[in-house]
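A look at the structure
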Amino acid sequence: MSTRRFTNGRGDKYRLHMVTWNVATAEPPEDVASLLQLNDQPPIDLYVIGLQEVNATPMRFISDLMAEDSWSHLFMDTLGPKGFVKVTSVRMQGLLLLVFAQMMHLPFIRNIQTTYTRTGIFGYWGNKGAVSVRFSFYGHMVCFLNCHLAAHMHNALQRVDEFEYILETQDFDIFDTPRVLDHKVVFWFGDLNFRIEDHGLHFVRSSINGGRLNLLWSKDQLIMMKKKEPFLQEFDEGPLNFKPTYKFDRKADTYDTSSAKTWLGFKTNTVAVLPLTMYRPRPLQRCSTTFHFLLTSLFWGMVCFCLGAWYRELNPPSGKKRKPAWTDRILWRIKPKNLPSEEDDNDDKKASTSTDNGQEEYPIMVIQNTYTSVMSYGVSDHKPVIGNFTLELKKCFDTQLVHLAPVGEWSADQNALLSYTILEDFMSSTWDWIGLYKVGFKSASDYETFVWVRENELPEVNEVIEKSVDKDEIPLLSGEYVLGYYSTNLNSIVGLSDSFQILESKHAAMEGLVAKDINGIDK
């Protein structure tokens, strides 16, 4: 399925692979290769992974503030050796959104910002809601919105209201794209929780087993709501040619066969995931958890527990087997070329969905190559859904903001020099820094060492500046490395050097050292 947005000329093509998965508090599987389609051709440029219901019990959530959670570790360990770097991530209790990119794209991913919106329990709790990431990709503004909306069959309208509320309230500190819908491309995905109406359990299951999925589409709540809500009609979605992804028995390919047993209103065969108030760590650091924060988190966790018990007493589980549904979805929207004015709204006129009026200098096209589920994973009662896209666009720029290079040979036997040059004026800062990264690094914080940029004054454009790196900070063993300039204002690496070799130090050679001899770290 394709959504064409320009006709003049051809742009560069980039592959985007998206994943949405409600993991139902489970620990990750050992292997996610088939989920990520690592050997796909042509190769993938960007990964965007949205998870829901990541384990967020009070103690687990607090521990995850001080170190990456197990899911993030798995994806970083899997993608890092393949040349992918984590661009950013955002978490709100059980909602997690991760963005990875091939290393060569990092200097062209700029103005990264994240935000979140709570919609659970009157908007105070983050067990439901949305987390989002926005950035500029070669000058094109894109936004990814990972949602977990209200559950249960009868809450279809509430889900639409929640999504509209999220769109209205999320904002970014970017003058030309302060709102989600201001971006040229928006991807909306997650556990949207829309169900299949009217049809009974037997009809739904027999339609699935007989391969007659099309019989269920007309009663899918999201498809029905798109016919009623103009703002939803701006979002495109591929055909639902895969089996509904909820609800399955765990570690099986069979739909729900369990009967819910309750005690004080809680299911005894599930884990109650209790939300906490959101705490955002500083960029590139895990938070320094204070005693006050620990007490606050535990207090609100207990309050949530009590509220949850009260809510379930008022709305007890039915005990019925859940009807299969396409709860997990991936949609996208390309900004209309002419947004409707108030007069247009009054006339009930729908805006065009094309961004190209025949003269747009930097148009974009989105092509969906794959939209399906991956049935082989059974750790959750949901199956993951993947969407593979081609983004065809004309670059707004193709030059890094900063040129970096090592000066001379590098080894731990002597102090080393590097040079950097600002190629284009941007919001540089004396808090910017230059990291030394081993090729295959996992994130911007995964540096071997770093140096601050010149502190006394900001550089002029095209001024060549040299910085010294202490020999004690240079790895002892040989390896392939790059230098990366990190901008604190743009929250991204805006310049990468060509890869270069660090020579093995004479000390390491004389002692016959190997990686495991150096404090267990490959240095």
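In this text, all values refer to a predicted model and were calculated from it rather than measured experimentally. (Residues numbered from 1 in each chain as written. Predicted model: local features only at pLDDT ≥ 70, side-chain atom pairs only at ≥ 80, totals over all residues. Heavy atoms only, no water.)

Moving on to the overall build of the chain. Looking only at helices and strands, the chain has 11 helices and 23 strands in total. Taken over 523 residues, the chain has a buried fraction of 51%. Relative to all contacts within the chain whose residues are 6 or more apart in sequence, the contacts with residues 24 or more apart total 73%. Carbon and sulfur atoms make up 51% of the accessible area of the chain, which totals about 23,900 Å². (Helix = DSSP H or I, 4+ residues; strand = E, 2+ residues; numbered from the N terminus. Buried < 20%, exposed > 50% of the residue type's maximum accessible area, 1.4 Å probe, protein only. Contact = heavy atoms within 4.5 Å. Areas by Shrake-Rupley, 256 points an atom, 1.4 Å probe, with all protein chains shown as cover.)

Glancing now at the confidence of the model for the chain. Per-residue confidence for the chain gives a mean pLDDT of 84, with 77% of residues at or over 70. Contacts of residues 309–318 to residues separated by more than four positions or lying in other chains number 10 contacts, the stretch itself having pLDDT below 50. Every residue in residues 519–523 scores below 50 in pLDDT, and together they form 11 contacts with partners more than four places removed in sequence or on other chains. (pLDDT = per-residue confidence, 0-100.)

Another aspect to go through is helix α5 (residues 201–209). Buried within α5 we find Val204, Ser207 and Ile208. The buried side chains of α5 occupy one side of the element, clustering within an arc of 100° when seen end-on. In α5, the exposed positions angled more than 90 degrees off the buried face are occupied by His202 and Asn209. Lining the buried residues of α5 we find α6 (214–217). Of the residues trailing α5, Gly211 is marked for its positive phi of about 70°. (Arc of directions from axis to C-beta.)

Turning to the sheet that holds strand β15 (residues 402–407), a few remarks are in order. The strand order across the open sheet built from 3 strands is β15-β17-β20, with neighbouring strands paired in antiparallel fashion. Either end of the sheet is taken by a strand with one partner, and the two such strands are β15 and β20 (464–469). Within this sheet the neighbouring strands show an average axis-to-axis angle of 25°, counted without direction. With 6 bridges connecting them, strand β17 (residues 416–422) and β20 associate as antiparallel partners. For Ser419, the partnering residue across the bridge sits in β20 and is Glu466. (Pairing = 2+ DSSP bridges. Axes fitted to C-alpha atoms, helices over the stretch in contact; angles between N-to-C directions.)

The subject of this paragraph is helix α7 (residues 221–228). Of the positions making up α7, those classed as buried are Gln221, Leu222, Met225 and Lys226. Seen from one end, α7 has its buried residues packed into an arc of 135°, which puts them on one side. Buried residues along α7 sit in contact with α4 (156–169), β9 (185–191), α8 (230–233) and β12 (328–334).

Where burial is concerned, most of β17 is hidden: 6 out of the 7 residues are buried. The sheet contact formed by β15 and β17 spans 6 bridges and is antiparallel. Each bridged residue has a counterpart across the sheet, and for Pro406 the counterpart in β17 is Leu418.

In this structure, His148 sits in strand β8 (residues 140–148). Within polar-contact distance, the side chain of His148 engages the side chain of Asp191 at 3.2 Å. Not counting chain neighbours up to four residues away, the residues in contact with His148 comprise Asn22, Gln52, Glu53, Leu95, Asn127, Lys128, Gly129, Asp191 and Asn193. (Polar contact = N/O pair within 3.5 Å; in protein donor to acceptor, adjacent residues only side chain to side chain.)

Before going further, it helps to spend a moment on the nonpolar core. Counting residues in hydrophobic clusters, the biggest one holds 55 residues, and the most contacted among them are Leu16, Met18, Phe135, Phe144 and Phe187. By size, the runner-up hydrophobic cluster in this structure holds 24 residues, among which are Val402, Ile434, Val451 and Ile465. (Core = buried A, V, L, I, M, F, W, Y, C linked by side-chain atoms within 4.5 Å.)

Moving on, we come to the side chain of Thr20. Along the polypeptide, Thr20 turns up in strand β2 (residues 12–22). A polar atom in the side chain of Thr20 sits 3.2 Å from the side chain of Gln52. Non-local contacts of Thr20, meaning those with residues more than four positions away in its chain, are made with Gly50, Gln52, Phe189, Gly190, Asp191, Asp328, Arg329, Ile330, Pro384 and Val385.

This part covers the pattern of salt bridges. In this structure the tally under the stated criterion is 9 salt bridges. The partner of Asp40 in a salt bridge is Arg15, and the shortest N-O contact between them spans 2.8 Å. Of this pair, Asp40 sits in the loop between α1 (33–36) and β3 (46–52) while Arg15 sits in strand β2, and the two are 25 residues apart along the sequence. In this structure Arg15 comes out as buried when scored by relative accessible area, which is 9%. For Arg329, the salt bridge is made with Glu237, and the minimal N-O distance between the two is 2.7 Å. Taken as a pair, Arg329 in strand β12 and Glu237 in the loop between α8 and β10 (262–263) lie far apart in primary sequence, 92 residues in all. We classify Arg329 as buried; its relative accessible area is 0%. When its relative accessible area of 12% is taken as the criterion, Glu237 is described as buried. Here the residues in one salt-bridge network are Asp220, Glu237 and Arg329, joined through shared partners. (Salt bridge = Lys/Arg side-chain N within 4 Å of Asp/Glu carboxyl O.)

Turning our eyes to something else, we now look at a nonpolar patch on the surface. A cluster of nonpolar residues, Trp431, Tyr447, Phe450 and Trp452, forms a patch on the protein surface that exposes about 420 Å² of accessible area. Relative to the elements of secondary structure, Phe450 occurs in strand β19 (residues 449–452). Classification of Phe450 as partly exposed rests on a relative accessible area of 32%. (Patch = residues over 30% accessible without salt bridge, like charges linked within 9 Å, V, L, I, M, F, W, Y side chains within 5 Å.)

Most of the time, phi is negative for any residue but glycine, and the peptide bond is trans. Looking along the chain, the bond that leaves Gln41 and enters Pro42 is cis, with omega of -5°. With omega at 0°, the peptide bond leading from Tyr246 into Lys247 counts as cis. Looking at where Lys247 falls in the secondary structure, it is placed in the loop between α8 and β10. Positive phi values are uncommon outside glycine, yet Asp198 reaches one of about 70°. Its location among the elements puts Asp198 in the loop between β9 and α5. Given the relative accessible area of 60%, Asp198 is considered exposed.

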